[in-house]
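# Chain and residue survey
Below are the chains, spelled out letter by letter.
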Amino acid sequence: MNIGEIARRAGVSRSTVSYALSGKRPVATSTRRRIQDVIDELGYRPNAAARALKEGRTRTIGLVIPPAGSRLTHMQLDFVASVVDAAARVDLDVLLSPSGRDHDRSFERLVSERRVDGVIVMEIRLEDSRVGRLQEAGLPFVGIGHTAGDQQMSWIDVDYAGLIQHCVRHLADLGHRRVALVTRSPELIAAGYGPARRAREGFEIVLAERGLDGIEVPCGDDARSGKECVEALLRSHPDLTAVTIINEAALPGIQRALADTGLEVPYDFSITGVAAKAWAEDFCPPLTAADVPALEMGEKAVSLLVERIAAPDTPARHILLAPPITLRSSTAAAPTGRQARVNGTAS
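Criteria and thresholds
Residues numbered from 1 in each chain as written. Predicted model: local features only at pLDDT ≥ 70, side-chain atom pairs only at ≥ 80, totals over all residues. Heavy atoms only, no water. Pairing = 2+ DSSP bridges. Helix = DSSP H or I, 4+ residues; strand = E, 2+ residues; numbered from the N terminus. Contact = heavy atoms within 4.5 Å. Axes fitted to C-alpha atoms, helices over the stretch in contact; angles between N-to-C directions. Parallel < 35°, antiparallel > 145°, perpendicular 65-115°, else oblique. Left-handed = near helix turned anticlockwise from the far one by under 90°.

### As for the sheet that holds strand β8 (residues 242–245)
- With respect to topology, 6 strands assemble into an open sheet ordered β7-β6-β8-β9-β10-β12, the strand pairing being mixed. Edge positions in the sheet fall to β7 (213–217) and β12 (325–326), since each has one partner strand and no second.
- Bridge count between strand β10 (residues 288–292) and β12: 2 bridges; the pairing is antiparallel. For Ala290, the partnering residue across the bridge sits in β12 and is Ile325.
- Here helix α10 (residues 194–210) sits on the sheet in contact with β6 (178–182), β7 and β8, set at roughly 170° to β7.

### Digging into the sheet that holds strand β4 (residues 141–144)
- Strand order in this open sheet of 6 strands is β2-β1-β3-β4-β5-β11, and the pairing throughout is parallel. If you trace the sheet from one side to the other, it starts and ends with β2 (93–98) and β11 (318–321), each paired once. Taking the axes of each pair of neighbouring strands and ignoring which way they run, one obtains an average angle of 15° across the sheet.
- Pairing of strand β3 (residues 118–121) with β4 involves 3 bridges; the strand directions are parallel. Within β4, the position partnered with Val119 by the bridge is Phe141.
- Across the sheet, helix α5 (residues 74–89) lies against β1 (60–65), β2, β3 and β4, angled at about 175° from β1, the strand it touches most.

### Here we look at the packing of helix α1 (residues 3–10) against helix α3 (residues 29–42)
- Contact geometry for α1 and α3: axes closest at 9 Å, N-to-C directions at 120°. Of the possible angle classes, the one that applies to α1 and α3 is oblique. Every pair of crossing elements has a handedness; the one defined by α1 and α3 is right-handed. Seen from α1, the contacting residues are Glu5, Ile6, Arg9 and Ala10; seen from α3, they are Arg34, Ile35, Val38, Ile39, Glu41 and Leu42.

Put into structure tokens, the structure is as follows:
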């Protein structure tokens, strides 16, 4: 038994049967019912597709990722892989859709054509038009991150404010008095990127609490930007002895900048922050950091979205993760005589 036979008996085209089974395009309720009657009569069971038709669902979820022209960070790739794996375990497919820049039409098609049963949205802004569009469409969704007015949406996020506070307190306990916060790109910050804003809040709290001097600097999501960022910091603040970061993609460049300047981590300069475990362990020496649980976040996001699809009227759920700081080898007591070392003479 095949789709052609089903189409012939139902009096419709093969493409109509295909659309009814896949959910890729809307099919009239009466036509869908007629196709289902033929399937039931003939005992045709194309696994998930048949269930999708019977349930009136696509058995597909959307994952809205950053623009396709951007290189995803290790953390983002871990999250995407985790979502795909978790979805497969509950017999769901995942449709990737970029958003932002020139990709807004892709997101709009995902929503307006009902290609998916629900959506997971990455890189949430404090004010995010995608959230409003999904709420307007009544399509179940989960945010990775949350807007400023987050009560009506379900989300999973990392406690960037709290984690940066822990990182800077750790540096203060080691005697560091001037610390920099390396965040994300100026474009993301200007767009209201939530983690960057919340990291700043945590940073400012500890600066005031411990009486520290602090500098916040934006940084592009690549090694070159990381190198240029730290080189500029050391030129303008030669007494800087530590940085905390929320930009893992900049870490290789930060490492090169310090090495080129002749600063040895951690004895001359300490680094800590929030990063994926793989980035932290690849840093030399291994990075003292809060390891973002990207795999756990992906699994939880799929589970939460499945709940929203099954019962969209239930109250929104908020999950805030605060992984512990893993002490590795990139932090130590604040050095003395740093300015002489930066200027190229022994201290």
